[in-house]
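Next come the chains, spelled out residue by residue.
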Amino acid sequence: MMLWFACTTLTILAAGYTLMPLFREPRHYLAVDLLAETELDRLSDRKAVIYRSLRDLEFEHGMGRLSETDFKRLEAEYKNEAASILQKLDQLDASEKLDEKIEKDIASRKSKLYTSDSKPAQESLRCPSCGAEVIPGKKFCADCGRQI
Ligand SMILES: [Zn+2]
């Protein structure tokens, strides 16, 4: 009874250990995707805020509420931040494209693997005289006796 219990427990543990990566992997990829998405969202939001601030800044400046020096300084600050955000967005975009490229590469390798797998092992031999199928390795046709 004790042994049976131990065996069952071991089997369950072994099964759990074997199956664990199957459950863990998709969640891991999901987390990475979510992280990338929120980072992209965050940067896009920040970019929108900066562009709006720049418009406000120009408006304020046009209304004469901002001195030339303040306007130039703030404009430079916003534009610097916008540039760094655009750069980060580019990097995110590039890494996404790289992922796509890798996935496509893997897919094409897989499809090549499958096509070579599904290809018939050998074209069946046919007798040149009667056209009957010849068993590979045989020297004579089983139908008409012609030498192959
Ligand atoms: Zn034949």
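See the structure printed just above.
Keep in mind it's a predicted model, so treat the numbers as computed, not measured.

Colleague: Would you mind going over the overall build of the protein in detail, with residue names and values included?
Modeller: Of the regular secondary structure elements, the protein holds 2 helices and 2 strands. The proportion of buried residues among the 148 residues of the protein is 11%. For the protein, the computed accessible surface area is about 12700 Å², with 60% contributed by carbon and sulfur atoms.

Colleague: Outline the coordination of the zinc ion, listing residues and values.
Modeller: Ideal geometry at a metal centre: 109.5 degrees between donors when four sit tetrahedrally, and 90 or 180 degrees when six sit octahedrally. For the zinc ion, the full set of protein donor atoms is Cys127 (SG), Cys130 (SG), Cys141 (SG) and Cys144 (SG), at a range of 2.2 to 2.4 Å. Relative to the metal, the 4 donor atoms surrounding the zinc ion lie at angles of 106 to 116°, and the coordination shape comes out tetrahedral. Mapped onto the sequence, the donors of the zinc ion take the spacing C-x2-C-x10-C-x2-C. Placement of the pair is Cys130 in the loop between strand S1 (125-126) and strand S2 (133-134) and Cys141 in the segment after S2, with a sequence separation of 11 residues. Since its relative accessible area comes to 39%, Cys130 is described here as partly exposed.

Colleague: An account of the nonpolar core is needed here, citing residue identities and associated values.
Modeller: The biggest cluster of nonpolar side chains holds 7 residues, and these are Leu43, Ile50, Leu54, Ala82, Ile85, Leu89 and Leu92. The set of elements that each furnish at least two residues to this core consists of helix H1 (2-62) and helix H2 (68-118).

Colleague: Before we move on, could you go through the side chain of Glu75 and cite the residues and values that matter?
Modeller: By the secondary structure assignment, Glu75 is in helix H2. The buried category is assigned to Glu75, whose relative accessible area is 14%. Among all residues touching Glu75, those that are not within four sequence positions of it are Leu54, Leu57 and Glu58.

Colleague: Just give me the short version of the side chain of Ser53, but keep the residues and values in it.
Modeller: Along the chain, Ser53 turns up in helix H1. Overall, Ser53 belongs to the buried group, its relative accessible area being 17%. A distance of 2.8 Å separates a polar side-chain atom of Ser53 from the backbone oxygen of Val49.

Colleague: Could you give me a rundown of a nonpolar patch on the surface, with the residues and numbers involved?
Modeller: A contiguous nonpolar patch, built from Leu98, Ile102 and Ile106 and spanning about 260 Å² of accessible area, is present on the exposed surface. Of note, Ile106 is situated in helix H2. Take Ile106: its relative accessible area is 42%, and that puts it in the partly exposed class.

Colleague: Help me get a handle on a negative patch on the surface, residues and values and all.
Modeller: A cluster of like negative charges, contributed by Glu37, Asp41, Asp45, Glu96, Asp99, Glu100 and Glu103, occupies part of the molecular surface. Elements supplying a minimum of two residues to the negative patch: H1 and H2. It is H2 that contributes the most residues to the negative patch, 4 residues altogether. Its place among the elements puts Asp45 in helix H1. By relative accessible area, which is 53% here, Asp45 ends up exposed.

Scoring rules and cut-offs
Residues numbered from 1 in each chain as written. Predicted model: local features only at pLDDT ≥ 70, side-chain atom pairs only at ≥ 80, totals over all residues. Heavy atoms only, no water. Helix = DSSP H or I, 4+ residues; strand = E, 2+ residues; numbered from the N terminus. Buried < 20%, exposed > 50% of the residue type's maximum accessible area, 1.4 Å probe, protein only. Areas by Shrake-Rupley, 256 points an atom, 1.4 Å probe, with all protein chains shown as cover. Donors = N, O, S within 2.8 Å, 3.2 Å for Na, K, Ca; no water. Tetrahedral: all angles 85-135°; square planar, octahedral: opposite > 155°, others 65-115°. Core = buried A, V, L, I, M, F, W, Y, C linked by side-chain atoms within 4.5 Å. Contact = heavy atoms within 4.5 Å. Polar contact = N/O pair within 3.5 Å; in protein donor to acceptor, adjacent residues only side chain to side chain. Patch = residues over 30% accessible without salt bridge, like charges linked within 9 Å, V, L, I, M, F, W, Y side chains within 5 Å. Salt bridge = Lys/Arg side-chain N within 4 Å of Asp/Glu carboxyl O. Lys, Arg positive; Asp, Glu negative; His and termini not counted. Charge placed at Lys NZ, Arg CZ, Asp CG, Glu CD.

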